[in-house]
Amino acid sequence: MTAVETQMTYNSSYTIQHEEMYMTQEDDWDRDLLLDPAWEKQQRKTFTAWCNSHLRKAGTQIENIEEDFRNGLKLMLLLEVISGERLPKPDKGKMRFHKIANVNKALDFICSKGVKLVSIGAEEIVDGNVKMTLGMIWTIILRFAIQDISVEETSAKEGLLLWCQRKTAPYRNVNVQNFHISWKDGLALCALIHRHRPDLIDYSKLRKDDPIGNLNTAFEVAEKFLDIPKMLDAEDIVNTPKPDEKAIMTYVSCFYHAFAGAEQAETAANRICKVLAVNQENEKLMEEYEKLASELLEWIRRTIPWLENRVAEQTMRAMQQKLEDFRDYRRVHKPPRVQEKCQLEINFNTLQTKLRLSNRPAFMPSEGKMVSDIANAWKGLEQVEKGYEEWLLTEIRRLERLDHLAEKFKQKCAMHESWTAGKEELLSQKDYESASLMEIRALMRKHEAFESDLAAHQDRVEQIAAIAQELNELDYHDAATVNARCQGICDQWDNLGTLTQKRRDALERVEKLWETIDQLYLEFAKRAAPFNNWMDGAMEDLQDMFIVHSIEEIQSLITAHDQFKATLPEADKERMATIGIHNEILKIAQTYGIKLSGINPYTNLSQLDINNKWDTVKHLVPLRDQMLQEEVARQQANERLRRQFAAQANIIGPWIQTKMEEISHVSVDIAGSLEEQMNSLKQYEQNIINYKSNIDKLEGDHQLSQESLIFDNKHTNYTMEHVRVGWEQLLTTIARTINEVENQILTRDAKGISQEQLNEFRASFNHFDRKRNGMMDPDDFRACLISMGYDLVSVTRQFQAQMDLHVLPDVFHRILQAVLLKFSVCFELQGEVEFARIMTLVDPNNTGVVTFQAFIDFMTRETAETDTAEQVMASFKILASDKNYITVDELRRELPPEQAEYCISRMTRYVGADAAPGALDYISFSSALYGESDL
């Protein structure tokens, strides 16, 4: 027992709970005396392993559960280990009664823990009764391993089940509802281990269809890393329809106790965090209270002096501004502070409540920042605020009366000043000195109306003076300004009366003088108008732009200008008479001091206009002479340019036409070989290039003509545009013809066509080129094909031509005619389809013509032997050793590097059933070479 005592470090303090529940469980055991053999096997192994897991701590173990507990010694040792308490000293004898005594001591100890043992006696244990022994061990497991489990107000079996459900809830394919079939697939045990020790099991790799593997994994990991012995067999659990619940509970309870330490540490950490969170929140509320209280008290301290200021303003506007500031204080500034005060009280009460609930001491704000201190400061603010508002209203009512009189004074003064504004300047101006007679008369009537208006405004001036007197009597604060304004209005009024009389006298005197001047204006207008019209026409003729194209036309203009110059002396006399009338008007205005407006009411013409136009006419006459002489010289130079251009154009134009015809003859000539034609064309090309200098010189002469604005030339029928077009056509024709011959040489050499065949093709083409432009129309091309042996004619026509239908009887004649009609339609359609196919080859762009090169290409394809897609496929099949695919290595071994890489980059992957790694499809590649696939 000494060795046992040194190894026992167990908690000796237990609380017996739920005694009635375990009474019920023991009754269940009593009713189930006949165990299922499979369950009995599972219980024997599980209970034995459970007992050994505790007996190991005392340095011993059992092998046979019904035999090793018969003497009661290991049973008592087991109870001491799992309870941490000392049992009575066991009997040392080996007799039956010694064994019964030891077993009774163990059973008495179990009963002392509040467990009722039903139908379990010491004799059955000593006799090795398996069922009684298993029942006793199960009772011990319930009391010492399961009873103390508590999860969310549930304990024992329900607590252990709830703990399992909580821990395995997040895991897929796990649904713990009991302690038998819920554990058969092993995933629940693996989930419990992974939940607490994810480093021990990779749960994502587990499969529900491998229960034995899952269970063995859990058993091995628990035994190796969690010190939980293997109490169950995976095969027994899987092969049993309903595993033994007690065996499962016993094993699962070991996991609960193994992970209990981690649960307690987590609970302790959560408790500490909760306490600290409460403390931090309380400290934050305290800091917020101190801050809000300080800010609110500071605002009250700044606001009270402003409300205590009772200095009155002298104007209603200033006092109203004070009232508006006070209202703004009430609407804008104070409401947030009221809310802050309320929030401060709420925060204080909330803080005290939280401190009280968390067993913390009450919060004591800094000195002067208690809720009562803030309330007192707020009360003082509201008292000052009320007195300030009453003072504002009283002062505003006092100023209202004075402002009314002052506003009335200002309104009448403004109306008067608005009326008199500009009146003195208007009466003082001498606008009549430069006015016309009609304007003078209008000014006189306007002045009479002003005199009537002046008399009507006398009453307003008197009212203004009376209001100013009343303001002085009421001691208005701005009386000096009122008096100065009233005096200015009175002085202005006296000055207006004086200026009105002076203006009347001046208007009457000037009116008489203007009647005389008006008669002279009328006479000036009658003579100036026709003379001005004559000068306008003369200036228009002298400045008229002329366009002439010959010497004769310019000579005619010179003669007309000489006749105009002969009329100038008589026109100058009329001008002097008109100017004399204007000078007389100026003399009268100068004598009597009248300022003429410079505008004749009867005409817009002035003496200056007439003189200026006359000077312009005299200036334009010599300019017209000079322009006419310059035009004579220009027309002579243009005539020389026309003759120079015509001399060259008449040579170049026929030369270009001749060369075009010669090139055309060379292109259709079939006498020599293609090389001879090429040499001849190259010589023509060099001659044309050497002739380019003549075209450039003609371009220079044409540019000179254009710069001189020469657009017609009666000495030649060739224009520069005609020459350019002909030259470009010549260059294009020689280049195209050379290219055609080169292509014919390439075609001949590549296809093996003889010179005789090419000559035959050229002869056929030239024959059917009816327009002789190097191209055939579709109808000409059809005729050419038919002449060369292509069957594009309906076979019915041949049949009709060979048969004499008239020799047949009428009935057979009609039947044969109907049959031939139906077949003719069919064969004609076939002929059209074939011709359309050929046209797509020779005219792919649908231009409507067939060139000689296209004709040669078509005839070459029809007569020469060419490679086909099938031949290329057969060649690839030889390289591939008769396989349907070819590999990269075979291509690089059999073909030159450049051609091999070309095939590798364009061949698609072969997808046949016999495909090898890296196989390439040479069949689709060969088809694509001839346009037969989408490769």
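The present account deals with the structure reproduced in this document. (Residues numbered from 1 in each chain as written. Predicted model: local features only at pLDDT ≥ 70, side-chain atom pairs only at ≥ 80, totals over all residues. Heavy atoms only, no water.)

## Some remarks on the environment of Ile585
No. 1: Checked against the element boundaries, Ile585 lands in helix α21 (residues 568-592).
No. 2: Residues Ile585 and Thr516, 69 residues apart in the sequence, show an inter-C-alpha distance of 9.0 Å.
No. 3: Apart from residues no more than four positions distant in its own chain, Ile585 is found in contact with Ile517, Leu520, Tyr521 and Leu596. (Helix = DSSP H or I, 4+ residues; strand = E, 2+ residues; numbered from the N terminus. Contact = heavy atoms within 4.5 Å.)

## What to know about the pattern of salt bridges
No. 1: According to the stated counting rule, one finds 46 salt bridges in the structure shown.
No. 2: For the salt bridge of Arg504 with Glu508, the shortest nitrogen-to-oxygen distance reads 3.4 Å. Here Glu508 and Arg504 lie together in helix α19 (residues 479-543), a separation of 4 residues that amounts to about one turn.
No. 3: Measuring nitrogen to oxygen at the nearest pair gives 3.4 Å for the salt bridge that ties Glu894 to Arg893. (Salt bridge = Lys/Arg side-chain N within 4 Å of Asp/Glu carboxyl O.)

## Structural notes on the packing of aromatic side chains
No. 1: With the rule as written, the count across this model stands at 28 aromatic pairs.
No. 2: Where Phe326 meets Tyr388, the ring centres are 5.5 Å apart and the plane angle is 55 degrees; that geometry is what we call tilted. Of this pair, Phe326 sits in helix α14 (residues 316-357) while Tyr388 sits in helix α15 (residues 371-420), and the two are 62 residues apart along the sequence.
No. 3: Taken together, the ring pairs connect Trp299, Trp306, Phe326, Tyr329, Trp378, Tyr388 and Trp391 into an aromatic cluster. (Phe/Tyr/Trp six-rings, centres within 6.5 Å; stacked < 30°, edge-to-face > 60°.)

## Examining unusual backbone geometry
No. 1: Unusually for a residue other than glycine, Asn173 sits at a positive phi of about 65 degrees.
No. 2: Within the element layout of this structure, Asn173 appears in the loop between α9 (156-168) and α10 (187-196).
No. 3: Even without glycine at this site, Asn846 takes up a positive phi of about 55 degrees.
No. 4: With respect to the secondary-structure elements, Asn846 resides in the loop between α29 (810-842) and β4 (850-851).
No. 5: A relative accessible area of 68% means that Asn846 is categorised as exposed. (Buried < 20%, exposed > 50% of the residue type's maximum accessible area, 1.4 Å probe, protein only.)

## Things to note about the side chain of His98
No. 1: By the element assignment, His98 lies in helix α6 (residues 96-112).
No. 2: Not counting residues within four places of it along the chain, the set of residues in contact with His98 comprises Asp91 and Gly93.

## Thoughts on the packing of helix α3 (residues 37-55) against helix α5 (residues 73-83)
No. 1: Look at α3 against α5: their axes get within 9 Å of each other, and the N-to-C directions meet at 65 degrees. Classed by the angle they form, the pair α3 and α5 counts as roughly perpendicular. Considering the relative orientation of α3 and α5, their crossing is left-handed. Residues Trp50, Cys51, His54 and Leu55 of α3 pack against Lys74, Leu77, Leu78, Val81 and Ile82 of α5.
No. 2: Tallied by class, the residues present in the contact of α3 with α5 amount to 7 nonpolar, 1 polar and 1 charged. (Axes fitted to C-alpha atoms, helices over the stretch in contact; angles between N-to-C directions. Parallel < 35°, antiparallel > 145°, perpendicular 65-115°, else oblique. Left-handed = near helix turned anticlockwise from the far one by under 90°. Nonpolar A, V, L, I, M, F, W, Y, C, P; charged D, E, K, R; others polar.)

## Quick look at helix α20 (residues 551-565)
No. 1: Over its 15 residues, α20 extends 22 Å from the first C-alpha to the last, a length consistent with the 21 Å expected when each residue adds 1.5 Å.
No. 2: Here α20 has its buried residues at Ile554, Ile558, His561 and Phe564. Looking straight down α20, one finds its buried side chains confined to an arc of 115 degrees; they lie on one side. Exposed side of α20, more than 90 degrees from the buried face: Glu552 and Gln563 are the residues found there. (Expected span 1.5 Å × (residues − 1). Arc of directions from axis to C-beta.)

## Considerations on the packing of α15 against helix α18 (residues 458-473)
In a packed pair of helices, the relevant descriptors are the angle between the two axes and the axis-to-axis distance.
No. 1: Here α15 crosses α18 at 155 degrees, and the two axes come no closer than 10 Å. The pairing of α15 with α18 is recorded here as roughly antiparallel in orientation. Seen from above, α15 lies across α18 with left-handed handedness. Residue-level inspection shows Arg401, Leu402, Leu405, Ala406, Lys408, Phe409, Lys412, Cys413, Met415 and His416 of α15 in contact with α18, the latter providing Arg460, Val461, Gln463, Ile464, Ile467, Ala468, Glu470 and Leu471.
No. 2: Looking at the contact of α15 with α18, its residues break down into 11 nonpolar, 2 polar and 5 charged.

From the geometry alone we can't say anything about function, so treat these as descriptive.
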